[in-house]
Amino acid sequence: MKLFRLLSLLGLSVMTFGLAGCPVDDDDDSAVSDDDDATDDDDATDDDDSAATDDDDSAGPDEFVFTDFSAETMVQNDRIGMPAVATALVLDEARKTAYNQAGPAEDAGEAFVPDILGALTTLHGALDDDLAGLSLTPCTVVGDGSGTCAAQGVPLIIPDSLSIDPATDAGFPNGRTLADPVIDVTLAVVLLDLGTHGADTFAGLPLNPATNDKDFGETFPYLALPHE
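Residues numbered from 1 in each chain as written. Predicted model: local features only at pLDDT ≥ 70, side-chain atom pairs only at ≥ 80, totals over all residues. Heavy atoms only, no water.

Trainee: Explanation requested: the overall build of the chain in the structure shown.
Mentor: Each helix and strand in the chain was counted, giving 9 helices and 0 strands. N-terminal to C-terminal, the α/β element order of the chain is α-α-α-α-α-α-α-α-α. Expressed as a percentage of the 228 residues in the chain, the buried residues total 29%. Within the chain, counting contacts between residues at least 6 apart in sequence, those at least 24 apart form 62% of the total. Just so you have it, the chain exposes about 14,700 Å², and 56% of that area is on carbon and sulfur atoms. (Helix = DSSP H or I, 4+ residues; strand = E, 2+ residues; numbered from the N terminus. Buried < 20%, exposed > 50% of the residue type's maximum accessible area, 1.4 Å probe, protein only. Contact = heavy atoms within 4.5 Å. Areas by Shrake-Rupley, 256 points an atom, 1.4 Å probe, with all protein chains shown as cover.)

What follows is the structure in C-alpha cells.
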C-alpha cells in the first residue's frame, strides 16, 4: 500500500554515522630522521636531535586533527531541524534545493508555506483512501491547502527548527531523544485527524524494530559502537 511504502521509506532505516578522527602519523617522518641519523655515527648533534625526536614521539600522536575552516567559506546544502520536511513536504526539486539552502528566518517569512500546503494536498490525494482502508480518519485539506492538516502540522514544521524547554521533560517535539519515533509522529500530525487518533498512531504499528540490536551508550555521544 502507498501509505506503508511512504512510512517505510521515511521511518524504517535508522543510520548511525560513526565519527572518526584522523590520527597524526609521525611514523614516516621519524623513520626518515632515524635513518639519516644512523648514517652519521660521529655527529653528536644528530644524536641529540634523534633523542629529542624519540622523546616527543613517545608521548604519542595527537588523537584528532580538526579543520580550521571558517563558516563563511562553507556552503549550506542541507538542513534538517525538523526531519522529513524537505523530504516529503517540498516536492519540486528546485524548490527543495532552495529550501535546503534557506533557514528558519525564511520559514518565518512564509517563503515555503505554499510549497508545504501544496504537498499536503498532494499527499492526501494519494493516501486518504489507504488511510480509510486502515480505519484511520485523515485530517482535512481544502483547495488552498488550509484545513485541519495545516492547523495541526504548520506549528510543528514551520519554522524548520527543533527547540527544547529544559523545564519540561525532553522528548519530541521538545527536543528529541535517540529512541523517539520522530518520522512516525510527524506523519501522523500531517496525515491524521488528531481529534480521533493520537500522534503516536503510526509509531504503534509494527513497521519499525522494537529496539536497537545494541544498547545505547551511557556517555556522550550515547550511540552504540558500530558493528565490526
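Next, the rest of the story.
Trainee: Sorry if this is basic, but what is going on with helix α8 (residues 148-157) here?
Mentor: Residues three or four positions apart in an α-helix share a direction because the helix packs 3.6 residues into each turn. Buried within α8 we find Cys149, Ala150, Gln152, Gly153, Leu156 and Ile157. The inward-facing, buried residues of α8 contact α4 (85-88), α7 (113-133) and α9 (182-191).

Trainee: Explain the pattern of salt bridges here, please?
Mentor: Here the idea is simple: oppositely charged side chains can pair when their charged atoms come close. All told, the structure shown has 2 salt bridges when counted by the stated rule. In this structure, Asp107 and Arg79 form a salt bridge, with 2.8 Å as the shortest nitrogen-oxygen distance. Taken as a pair, Asp107 in helix α6 (residues 104-108) and Arg79 in the loop between α3 (44-58) and α4 lie far apart in primary sequence, 28 residues in all. The exposure classification of Asp107 matches that of Arg79, with both residues buried. Where Arg95 meets Asp115, a salt bridge forms, and the shortest distance between an N and an O atom there is 2.8 Å. Here the residue Arg95 occupies a position in helix α5 (residues 93-100), and Asp115 occupies one in helix α7, the gap between them amounting to 20 residues. (Salt bridge = Lys/Arg side-chain N within 4 Å of Asp/Glu carboxyl O.)

Trainee: Just to check I follow, could you spell out the state of the cysteines for this structure?
Mentor: Cysteine pairs can be linked by a disulfide, which is a covalent bond between their two sulfur atoms. If you walk through the whole model with that rule in mind, you get 1 disulfide. Here Cys139 engages in a disulfide with Cys149; their sulfurs sit 2.0 Å apart. Handedness of the Cys139-Cys149 disulfide follows from its S-S torsion of about 105°: it is right-handed. One end of the pair, Cys139, is in the loop between α7 and α8; the other, Cys149, is in helix α8, and 10 residues separate them in sequence. In this structure, Cys139 and Cys149 share a single accessibility class: buried. (Disulfide = S-S within 2.5 Å.)

Trainee: So what exactly am I meant to see when it comes to unusual backbone geometry here?
Mentor: For residues besides glycine, phi is generally negative; the peptide bonds are generally trans as well. With omega at 0°, the peptide bond leading from Ile158 into Pro159 counts as cis. Here Pro159 is to be found in the loop between α8 and α9. Cis geometry is found at the peptide bond from Phe220 to Pro221, where omega equals 5°. Within the secondary structure, Pro221 is located in the segment after α9. Even without being a glycine, Glu110 presents a positive backbone phi close to 65°. Residue placement: Glu110 occurs in the loop between α6 and α7.

Trainee: How should the nonpolar core be read in this particular structure?
Mentor: Note on soluble globular proteins: their nonpolar side chains tend to be buried together. Core analysis: the largest hydrophobic core is formed by 36 residues, its most contacted members being Val85, Leu89, Ile116, Ile157, Leu191 and Phe202. Apart from residues no more than four positions distant in its own chain, Ile116 is found in contact with Val85, Leu89, Val90, Ile157 and Ile158. (Core = buried A, V, L, I, M, F, W, Y, C linked by side-chain atoms within 4.5 Å.)

Trainee: Just checking my understanding: could you explain the packing of aromatic side chains for this structure?
Mentor: The relation between two aromatic rings is expressed through the spacing of the ring centres and the mutual angle of the planes. A complete count under the given rule lists 2 aromatic pairs for this structure. The interplanar angle of 90° and the centroid separation of 6.3 Å between the aromatic rings of Phe220 and Tyr222 together place this pair among those described as edge-to-face. Here the basic side chain of Arg79 rests over the ring of Tyr99, its NZ or CZ set 3.9 Å away from the ring centre. (Phe/Tyr/Trp six-rings, centres within 6.5 Å; stacked < 30°, edge-to-face > 60°. Lys NZ or Arg CZ within 6 Å of the ring centre and 35° of its normal.)

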